[in-house]
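One-letter residues, chain by chain:
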Amino acid sequence: MATALFAVVFIAIPTDLIDTPLFSREIPPTVWSWPVLSLSAVLAGLVTATYVAHPDGATSSRAAGRAGMAGWLVTFFAVGCPVCNKLVLLALGTTGAMQFFEPVQPYLAAASIVLLIWALYARMTREYSCRLPARADAAAEVPVLVH
């Protein structure tokens, strides 16, 4: 839960979804910005939880971790202001940001959610629980049936 809360604050403040005097937004947020951010934050929290509850002896997948981080980063671009993002402005300019980047943002939002879901799925299905040593007297025990 702490990671999900951190993700919301870490993304919402610079994208000005949470209004602060530090950042401003030229274009108002879309109606899907908060739902996408909330869902992404919950998924990021769940992916992080798979790292915290990592059993001894279990193998992990680096690709799943990278997908989780990529999903988190893509969420930032998906919910952010298209003309407030310095990287987008440098690459496309103001007109390009409005013409090319703004229409792509819903697809970025979907991609971020898909990446985070895939990362969670990969972490949960490829996680092997730790092996328990076999008991030496397990073969000698005979179950007793009670009627």
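Look up a bit, the structure's there.
Residues numbered from 1 in each chain as written. Predicted model: local features only at pLDDT ≥ 70, side-chain atom pairs only at ≥ 80, totals over all residues. Heavy atoms only, no water.

S.K.: Can you lay out the nonpolar core for me, pointing to particular residues and giving the numbers?
M.R.: Ranked by size, the top nonpolar core spans 21 residues in total, and within it Leu 37 and Val 79 carry the most contacts. Those elements that place two or more of their residues in this core are helix H1 (2-12), helix H2 (33-52), helix H3 (62-79) and helix H4 (86-125). At six residues, H2 tops the list of elements feeding residues into this core. With sequence-adjacent residues up to four places away left out, Leu 37 is seen in contact with Ala 7, Val 8, Ile 11, Ala 12, Leu 17, Thr 75 and Val 79. Counting seven residues, the second-largest nonpolar core is a separate cluster that includes Phe 77, Cys 81, Val 83 and Val 88. (Core = buried A, V, L, I, M, F, W, Y, C linked by side-chain atoms within 4.5 Å. Buried < 20%, exposed > 50% of the residue type's maximum accessible area, 1.4 Å probe, protein only. Helix = DSSP H or I, 4+ residues; strand = E, 2+ residues; numbered from the N terminus. Contact = heavy atoms within 4.5 Å.)

S.K.: I'd like a description of H1, backed by residues and values.
M.R.: Buried residues of H1: Ala 4, Ala 7, Val 8, Ile 11 and Ala 12, and no others. One face of H1 carries all of its buried residues, which in axial projection span an arc of 105°. The outward face of H1, more than 90 degrees from its buried face, is lined by the exposed residues Ala 2 and Leu 5. (Arc of directions from axis to C-beta.)

All quantities given are derived from atomic positions and should not be read as evidence of function.
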